[in-house]
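Next come the chains, spelled out residue by residue.
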Amino acid sequence: MEIIGDVKTYDWGKTGKQSEVAKLAELNNENFIISESTNYSELWMGDHVSGPSKVKGTNENLGDFLTKDLQSNIGGHEKLSFLFKVLSIGKALSVQVHPNKKEAVKLNAEFPDIYKDPNHKPELAIALTDFVAMCGFRPYDEIYSLLSKYEEFAELLGADNLYALKAGKENGLKLCYSKLMRSSDADLTKCIQSIKQKILSSGDVDNELSKIFLQLDKDFPNDVGILSIFFLNILRLTPGEAIYLPANVPHAYLSGDCVECMACSDNVIRAGLTPKFKDVETLLRLLNYTGESADKKIFQSIPSKQSNEIYTQVFVPDVTDFAVAKISVPSSIGSYSITNNSHGSIVLVLAGAANASGENIKKLHLKRGTIIFIPANCPSVKLEIETEGFVAYQAMYNNF
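Residues numbered from 1 in each chain as written. Predicted model: local features only at pLDDT ≥ 70, side-chain atom pairs only at ≥ 80, totals over all residues. Heavy atoms only, no water.

Engineer: Any chance you could explain unusual backbone geometry here in plain terms?
Structural biologist: What is expected of a backbone is that most residues other than glycine have negative phi and most peptide bonds are trans. Even without glycine at this site, Asn59 takes up a positive phi of about 65 degrees. As for its placement among the helices and strands, Asn59 is situated in the loop between strand S6 (54-55) and helix H2 (62-67). Residue classification places Asn59 among the exposed residues on the basis of a relative accessible area of 52%. Backbone geometry at Asn248 places phi at a positive 75 degrees, although glycine is not the residue there. Relative to the helices and strands, Asn248 resides in the loop between strand S12 (242-245) and strand S13 (251-263). (Helix = DSSP H or I, 4+ residues; strand = E, 2+ residues; numbered from the N terminus. Buried < 20%, exposed > 50% of the residue type's maximum accessible area, 1.4 Å probe, protein only.)

Shown next as structure tokens:
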């Protein structure tokens, strides 16, 4: 059945028709009207209580519909195990990590006003446009090389801590990053403004790191997260490339549009680039301080194991909550089958058009912006491709 996604308008989203979220929402919902003064940040597809999708035609919450027959709809689960999204990022999201399940239960019990549920929140982001993100700590020698360019870091972090980092030890990074996150606002402002003046006076403003530094300082003046760019890998993804964010890996999305799939949770431990609460001590305790090169952060898809799905690639993380398939069928193929998951799945169409049919479902016409839920009792969907190729993403429970 066709569903209507829930649109979020957080201030970091892209404005008006610059936003992929807005453009898809307009195609997905005939009653949606784009405002050029509004920031459209996220399109939610799922049954999350903070933004449930609606059943097209009846406007019923997807979650309410699913509970009518949990076995037929989602294989006996109580609710969907994932939340599927499109994000359009005009301004950086916060530097953050997510707790694992054990820590999520503990944090929810101790601080329920901050950590509102006991679940973990692993995430997968697949670029739709050129996409920039920070992900994981750089190799230790690379961090030291960047920090040693500015004498301000020796004053802020301590020469002894920098020396420990130079030795290439994980503890050296932990000492430096801990000192950074515990620094006073006055010391951070002094460091950031001094580095800013050096960048501007040197004329090195076109350097990638310099441009990001200056943009972040414009959007989040004197925020500690600005200095994370010297510690974290900066990745530039092209459309179709992905990053996977398991528990305790520091990350931040900086710009671009992506498809995102995640476990159903709101648990975020923030480290900067936000006016919201920063839980510094929890962050420092849980962080994964492993230093790795940027190329190791690219998450690779694998071919579908279904013999009839030669045009399907699957992103399979190390959690059961979700997996995502990219379906890209060329125009020369008249018909193609999508294998459904035993707990149901959600499909977002990004390009092309097709007629879809299958067991226990009505025939539907799919085009860009169409979002469908495929119930568990429909084992596969046959597509009759109409136009110059068909591209869609399918989110599902991970039983690969």
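Engineer: Would you take a moment to explain the nonpolar core for this structure?
Structural biologist: If you look at soluble globular proteins, the nonpolar side chains tend to sit buried side by side. The biggest cluster of nonpolar side chains holds 52 residues, and the ones touching the most others in it are Tyr177, Leu227, Phe230 and Phe231. Those residues in contact with Tyr177, other than ones at most four positions away along the chain, are Val95, Phe137, Ser228, Phe231, Ala271, Leu283, Leu284, Leu287 and Tyr289. Membership of the second largest hydrophobic core comes to 38 residues, among which are Tyr40, Leu43, Phe299 and Phe315. (Core = buried A, V, L, I, M, F, W, Y, C linked by side-chain atoms within 4.5 Å. Contact = heavy atoms within 4.5 Å.)

Engineer: Looking at this structure, how should I read empty space enclosed by the protein?
Structural biologist: Over the atoms rolls a probe the size of a water molecule, and its path tells where empty space is left. With the rule as written, the count across this model stands at two cavities of 30 Å³ or more. Estimated volume of the largest cavity: approximately 50 Å³. Elements with a minimum of two residues in the lining of the largest cavity: strand S21 (361-367) and strand S22 (371-374). Class assignment for the residues of the lining of the largest cavity results in nine nonpolar, no polar and one charged. Within this model, the second largest cavity holds a volume of roughly 40 Å³. Lining of the second largest cavity is provided by Ile74, His77, Lys79, Leu80, Ser81, Phe82, His343, Gly344 and Tyr397. (1 Å grid on protein atoms, 1.4 Å probe; cavity = no way out; pocket = protein on both sides within 12 Å on 5 of 7 lines; lining within 4 Å. Points joined across faces, edges and corners; volume = space filled by probe spheres on them. Nonpolar A, V, L, I, M, F, W, Y, C, P; charged D, E, K, R; others polar.)

Engineer: Got a minute to help me understand the pattern of salt bridges in this structure?
Structural biologist: Two side chains of opposite charge can pair, provided their charged atoms sit close to one another. If you walk through the whole model with that rule in mind, you get 19 salt bridges. Between Lys68 and Glu60 there is a salt bridge; the shortest N-O distance is 3.0 Å. Lys68 gets classed as exposed once you look at its relative accessible area, which sits at 60%. Beyond isolated ion pairs, a larger network of salt bridges with shared partners links Glu20, Lys23 and Arg368. (Salt bridge = Lys/Arg side-chain N within 4 Å of Asp/Glu carboxyl O.)

Engineer: How do you make sense of the sheet that holds strand S18 (residues 335-339) when you look at a structure like this?
Structural biologist: Two strands in a sheet stick together by hydrogen bonds in their backbones, pointing the same way (parallel) or opposite ways (antiparallel). Taken in spatial order, the four strands make up an open sheet running S18-S23-S20-S21, and their pairing is antiparallel. Each edge of the open sheet carries a strand with a single partner, namely S18 and S21. Looking at each pair of strands side by side, their axes are set apart by 25 degrees on average, direction ignored. Where S18 and strand S23 (residues 380-385) come together, five bridges link them in antiparallel fashion. In the strand pairing of S23, Tyr336 is matched with Leu383. (Pairing = 2+ DSSP bridges. Axes fitted to C-alpha atoms, helices over the stretch in contact; angles between N-to-C directions.)

Engineer: I tried to follow the domain arrangement of the protein chain on my own but got confused; where do I start?
Structural biologist: Interfaces are frequently sized by the accessible area removed from exposure as the parts join. Each assigned domain of the protein chain is listed here: domain 1 (3-136 + 235-277), domain 2 (139-227) and domain 3 (301-396). On a C-alpha basis, the centroid separation for the pair domain 2 and domain 3 is 45 Å. (Domains from an automatic or database assignment.)

Engineer: Quick question: what am I supposed to make of the pairing of strand S10 (residues 131-137) here?
Structural biologist: Every regular strand shows the same layout, with side chains that alternate between the two sheet faces. Buried residues dominate S10, accounting for seven of its seven residues. Relative to strand S11 (residues 232-237), S10 is paired through five bridges, and the arrangement is antiparallel. Of the residues in S11, the one forming a bridge with Phe137 is Leu232. Of the pairings in the sheet, the one linking S10 to S13 comprises four bridges and is antiparallel in character. Each residue of the ladder has a partner; that of Ala133, found in S13, is Tyr253.

Engineer: Whenever I open this one, helix H4 (residues 101-110) confuses me. Can you help?
Structural biologist: What sets the pattern is the α-helix's 3.6 residues per turn: residues three or four places apart point alike. Listing the buried residues of H4 in full gives Glu103, Ala104, Leu107 and Asn108. Each buried residue of H4 sits inside an arc of 130 degrees when the element is viewed along its axis, so together they form one side. Facing away from the buried side of H4, by more than 90 degrees, are the exposed residues Lys102 and Ala109. The inward-facing, buried residues of H4 abut strand S14 (269-272) and helix H11 (280-286). The residue sitting at the N-terminus of H4 and contributing the capping side-chain oxygen is Asn100; that oxygen lies 3.2 Å from the backbone nitrogen of Lys102. (Arc of directions from axis to C-beta. Polar contact = N/O pair within 3.5 Å; in protein donor to acceptor, adjacent residues only side chain to side chain.)

Engineer: Any chance you could explain the side chain of Ser88 here in plain terms?
Structural biologist: Within the secondary structure layout, Ser88 lies in strand S7 (residues 82-89). At 3.0 Å, the side chain of Ser88 forms a polar contact with the backbone nitrogen of Val21. Within the local environment of Ser88, its side chain forms a polar contact with the side chain of Asp257, the two groups lying 2.6 Å apart. With residues near it in sequence (within four places) discarded, Ser88 still touches Trp12, Gly13, Lys14, Ser19, Glu20, Val21, Tyr40, Ser41, Gly256 and Asp257.

Engineer: So what exactly am I meant to see when it comes to the UniProt feature "domain: Phosphomannose isomerase type I catalytic" (unreviewed entry) in the protein chain here?
Structural biologist: UniProt records the feature "domain: Phosphomannose isomerase type I catalytic" (unreviewed entry) for residues 4-139 in the present numbering. Taken end to end, residues 4-139 has its terminal C-alpha atoms 43 Å apart, with 22% of it in helix and 27% in strand. (UniProt positions renumbered as here; feature names shortened; annotations may be inferred.)

Engineer: When you look at the UniProt feature "active site" (unreviewed entry) in the protein chain in this model, what are you seeing that I'm missing?
Structural biologist: Under the local residue numbering, the UniProt record ascribes the feature "active site" (unreviewed entry) to Arg270. Among the structural elements, Arg270 can be located in strand S14. Leave out the neighbours within four places in its chain, and Arg270 touches Ser94, Val95, Gln96, Lys276, Phe277, Lys278 and Asp279.

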